[in-house]
Amino acid sequence: MTAGAPPPRPSPAPGGGPRTALVAGGGLAGVTAALRLAEAGFRVTLAEARPRLGGLVFSFRRDSPAGELVVDNGQHVHLRCCTAYQWLLERLGGTALSPLQRRLDVPVLDAARGRLGRLRRTALPVPLHLAASLATYPHLSPAERVAAARAALALRSLDPADPALDGVDFATWLRRHGQSERAVEALWDLVGVATLNARAADASLGLAAMVFRTGLLSEPGAADIGVSRVPLGELHDRLTRTALDRAGVRTLLRARVRAVAPDPDGGWRVTSGEGDGPGTEHRAGTVVLAVPPPQAHRLLPDGALPAPGRLRELGTAPILNLHVVYDRRVLHRPFLAALGSPVQWIFDRTGAAGPAGGGQYLALSQSAAHHEIDEPVAALRKRYLPELERLLPAARGAAVRDFFVTRERHATFAPVPGVGRLRPVARTLLPGVLLAGAWTDTGWPATMEGAVRSGLAAAREALEDAGCPYRDDSPHSTERRAAA
């Protein structure tokens, strides 16, 4: 990994018992670590500051003019190559609720030219599985298609774990390999912005290579898209609570972890609670901090990391989500990507969110939205409703029943060149103190897959530190890849 070799493995810490764990944070990383440790026989407490689980993957209820909606804070998808996330879905009993496409098929509409193209695969081996789609992709010229194929083959030869790649931006590499501005917009950024939350000029080549090699150039079906057909809160709050209860995890909500300190008897004392009261003290042999970098930096005891200040250098990138409810159906496919428009991706969320009063509920996912994240709702409405009418002719005569915005200002870490040296591995220099979160050194960008892999990596380190037998029963050996 780009952050270098992990520190020496410490000896087990007995305080609170070597098989007791406190997990701080109830997002995907924390939940994964808690489940894995509990299944291995640990006595686990999970403390979450919010009144719900799921972290940045959650739903809320909205009393809309179109009727009550259950709204996801943002549009999250996964791919067939996201084996760790699929492992978690299976553990939660949610696999059927978030199905994958039979085969990759992405409709791409060029608003300026009014042309619809498709990125789809066949069952042929890599890289022939995308050859027919690229050969007929109308948003690139014949010369640009040939250049794109050559660049894809060159990208396939890169090693994403090579530290040298992390210091180069993806756009520079694309230019060196003959990619035009149009090709970057219509192909590379179409995929990269959605997965990296950054445009090519702002993205580490190492992370970009990982995304394209794994998603498009590893196996024919690796990029097949999975979208939840229920609100994400159903998966990552309700079903998750049931799974934690079943595993014997003690789950505490509205229990923000305030401090982690050495226990004189060995292990760690963790204080949690709301407000300014005395809080509740927990003793544990293992502490997993599955919280954002600023909180991790504040909670980590002295000596945990060789360069703790690097956590402060990890920047963040925003995602803006626009929600529109029409009085009729205006989009006749599950999702659509757009070119030549400020609109990036449109998803039909009518079935998941509720009946929408007989109309249609669309969610627009706008990644790398630095310049728009703080704009007023009125300004966003004025800009995006005409764009939707330009992209979707059926919207021109439709009434808008509701328009609202959700904002994740710190949705992901910023995948800028050089970010690899800032991402710590799961194990710290202190016995029994571990890190988890999509921002840790998983080799993946900040995705649901990366979050789950980080939780698996932290659990593996905790089990090995406690001298517990390690049992890899995941469908695709996800833990082995998570800790690689």
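For the structure itself, consult the block above.
1. Thoughts on the overall build of the chain
- On a plain count of helices and strands, the chain comes out with 15 helices and 19 strands.
- Taking 2.2 N^0.38 as the reference for a compact globule, 484 residues should give roughly 23 Å; the C-alpha atoms of the chain span a radius of gyration of 23 Å, in line with that estimate.
- By its C-alpha atoms, the chain is 70 × 50 × 35 Å across when sized along the principal axes.
- Residue burial in the chain is summarised as follows: out of 484 residues, 58% are buried.
- Pairs at least 24 apart in sequence give 70% of the contacts found in the chain among residues at least 6 apart.
- Per element, the accessible surface of the chain, about 19,400 Å² overall, is 53% carbon and sulfur.
- Computed over 58 positive and 46 negative side-chain charges, the separation of the two mean positions in the chain equals 4 Å.

2. Quick notes on the sheet that holds strand β17 (residues 360–367)
- Strand order in this open sheet of seven strands is β7-β6-β15-β16-β17-β14-β18, and the pairing throughout is mixed. The sheet terminates laterally at β7 (115–120) and β18 (400–413), the two strands that pair on one side only. In this sheet, adjacent strand axes meet at a mean angle of 25° when their direction is disregarded.
- Pairing analysis gives eight bridges linking strand β14 (residues 316–326) to β17, with the strands arranged antiparallel. Bridge pairing in β17 links Val325 to Tyr361.
- Sitting on the sheet, helix α7 (residues 181–196) touches β6 (105–110), β7, β15 (335–339), β16 (345–348) and β17, and the angle it makes with β15 is about 140°.
- Its contacts with the sheet place helix α13 (residues 377–391) against β6, β14, β15, β16, β17 and β18, and it is angled at close to 110° to β18.

3. Points about helix α2 (residues 83–92)
- Of all 10 residues in α2, seven are buried; the element is thus mostly enclosed.
- Every buried residue of α2 is accounted for by Thr83, Ala84, Tyr85, Trp87, Leu88, Leu89 and Leu92.
- Count one or two residues on from α2 and you reach Gly93, which has phi positive near 75°.

4. Looking at the sheet that holds strand β11 (residues 268–272)
- Spatially, the three strands line up as an open sheet ordered β10-β11-β12, and their pairing is antiparallel. At either end of the open sheet lies a strand with only one pairing partner, and these are β10 (257–262) and β12 (280–284). The mean angle between the axes of side-by-side strands here comes to 20°, regardless of whether they run parallel or antiparallel.
- For β11 and β12, the ladder comprises five bridges, and the chain directions are antiparallel. The partner of Val270 across the bridge, within β12, is His282.

5. Some words on the side chain of Gln366
- As for its placement among the helices and strands, Gln366 is situated in strand β17.
- Given a relative accessible area of 2%, Gln366 falls into the buried group.
- Reaching out from Gln366, the side chain makes a polar contact with the side chain of Tyr384 at a distance of 3.1 Å.
- Leave out the neighbours within four places in its chain, and Gln366 touches Ile319, Leu320, Pro342, Val343, Gln344, Trp345, Glu372 and Tyr384.

6. Some remarks on the packing of helix α1 (residues 28–39) against helix α14 (residues 448–465)
- Put simply, α1 and α14 touch, their axes get as near as 7 Å, and they point 35° apart. Crossing geometry of α1 relative to α14 is assigned as right-handed. Of α14, the residues touching α1 (which contributes Leu28, Ala29, Thr32, Ala33, Arg36 and Leu37) are Met448, Ala451, Val452, Ser454, Gly455, Leu456, Ala459, Ala462 and Leu463.
- Considering only residue class, the contact of α1 with α14 consists of 11 nonpolar, three polar and one charged.

What counts, and at which threshold
- Residues numbered from 1 in each chain as written.
- Predicted model: local features only at pLDDT ≥ 70, side-chain atom pairs only at ≥ 80, totals over all residues.
- Heavy atoms only, no water.
- Helix = DSSP H or I, 4+ residues; strand = E, 2+ residues; numbered from the N terminus.
- Rg over C-alpha atoms; globule rule 2.2 N^0.38 Å.
- Buried < 20%, exposed > 50% of the residue type's maximum accessible area, 1.4 Å probe, protein only.
- Contact = heavy atoms within 4.5 Å.
- Areas by Shrake-Rupley, 256 points an atom, 1.4 Å probe, with all protein chains shown as cover.
- Lys, Arg positive; Asp, Glu negative; His and termini not counted.
- Charge placed at Lys NZ, Arg CZ, Asp CG, Glu CD.
- Pairing = 2+ DSSP bridges.
- Axes fitted to C-alpha atoms, helices over the stretch in contact; angles between N-to-C directions.
- Polar contact = N/O pair within 3.5 Å; in protein donor to acceptor, adjacent residues only side chain to side chain.
- Left-handed = near helix turned anticlockwise from the far one by under 90°.
- Nonpolar A, V, L, I, M, F, W, Y, C, P; charged D, E, K, R; others polar.

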